[in-house]
Amino acid sequence: MERSKIKVRERRTYYGWSQRELARMVGITSGAMSAIERGVHWPGVDTAIRLARALGVSVEELWGEAVEKHRNEGEAP
């Protein structure tokens, strides 16, 4: 099952960080980071905010399109 595109990987690689480095900055496991980037796990609100701050963008910039797509399809993210 493919989820809507999530832009975390794009921003992380822009800064040259590994998944492990970003996960450590945000306070989650590298496995959780991998699942978020693949779109198989949606982070909680606190994690989403920490990710956005670390990546220098808003939460909406990272997940806005994905949330809107699921809302339009009547499906929870």
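Looking only at helices and strands, one finds 5 helices and 0 strands in the protein. Ordered by position in the sequence, the α and β elements of the protein form the string α-α-α-α-α. Looking at the 77 residues of the protein, the share that counts as buried comes to 35%. Contacts spanning at least 24 positions in sequence make up 55% of the contacts within the protein whose residues lie at least 6 apart. Entry remark: accessible area of the protein is about 4,900 Å², with carbon and sulfur atoms responsible for 49%.

What follows covers the packing of aromatic side chains. Two descriptors summarise a pair of aromatic rings, namely the distance from one centre to the other and the angle between the planes of the rings. The full count for this structure, using the stated rule, is 2 aromatic pairs. Look at Tyr15 and Trp17: their rings are 4.7 Å apart centre to centre, the planes differ by 15 degrees, and that puts the pair in the stacked class. Ring-pair connections join several aromatic residues into one group, and the members of that group are Tyr14, Tyr15 and Trp17. The ring of Tyr14 has Arg11 sitting right over it, with the charged end atom 5.3 Å from the ring centre.

Turning to the side chain of Arg12, a few remarks are in order. One can find Arg12 in helix H1 (residues 8-15). Among residues more than four places away in sequence, those in contact with Arg12 are Trp17, Ser18, Gln19, Leu22, Glu37 and Leu55.

Turning to helix H2 (residues 19-26), a few remarks are in order. Of all the positions in H2, only Leu22, Ala23 and Val26 are classed as buried. The arc that holds the buried residues of H2, viewed along the axis, is 100 degrees, so those residues lie on one side. Exposed residues pointing more than 90 degrees away from the buried face of H2 are listed as Arg20 and Arg24. Against the buried residues of H2 lie H1, helix H3 (30-38) and helix H4 (45-55).

With that out of the way, let us pick up the confidence of the model for the protein. The predicted structure's coordinates, where accompanied by low pLDDT, should not be read in detail. Overall, the predicted model of the protein reaches an average pLDDT of 82, with 74% of residues at or above 70. Ranking the elements of the protein by mean pLDDT puts helix H5 (residues 59-72) last, at 67, and H2 first, at 97.

Here we come to the pattern of salt bridges. Inspection of the entire model under this criterion finds 2 salt bridges. A salt bridge links Arg12 to Glu37, with the shortest nitrogen-to-oxygen separation between them at 2.5 Å. Note that Arg12 is positioned in helix H1 and Glu37 in helix H3, a separation of 25 residues in sequence. Via salt bridges that share partners, Arg9, Arg12 and Glu37 belong to a single interconnected network.

Cut-offs applied
Residues numbered from 1 in each chain as written. Predicted model: local features only at pLDDT ≥ 70, side-chain atom pairs only at ≥ 80, totals over all residues. Heavy atoms only, no water. Helix = DSSP H or I, 4+ residues; strand = E, 2+ residues; numbered from the N terminus. Buried < 20%, exposed > 50% of the residue type's maximum accessible area, 1.4 Å probe, protein only. Contact = heavy atoms within 4.5 Å. Areas by Shrake-Rupley, 256 points an atom, 1.4 Å probe, with all protein chains shown as cover. Phe/Tyr/Trp six-rings, centres within 6.5 Å; stacked < 30°, edge-to-face > 60°. Lys NZ or Arg CZ within 6 Å of the ring centre and 35° of its normal. Arc of directions from axis to C-beta. pLDDT = per-residue confidence, 0-100. Salt bridge = Lys/Arg side-chain N within 4 Å of Asp/Glu carboxyl O.

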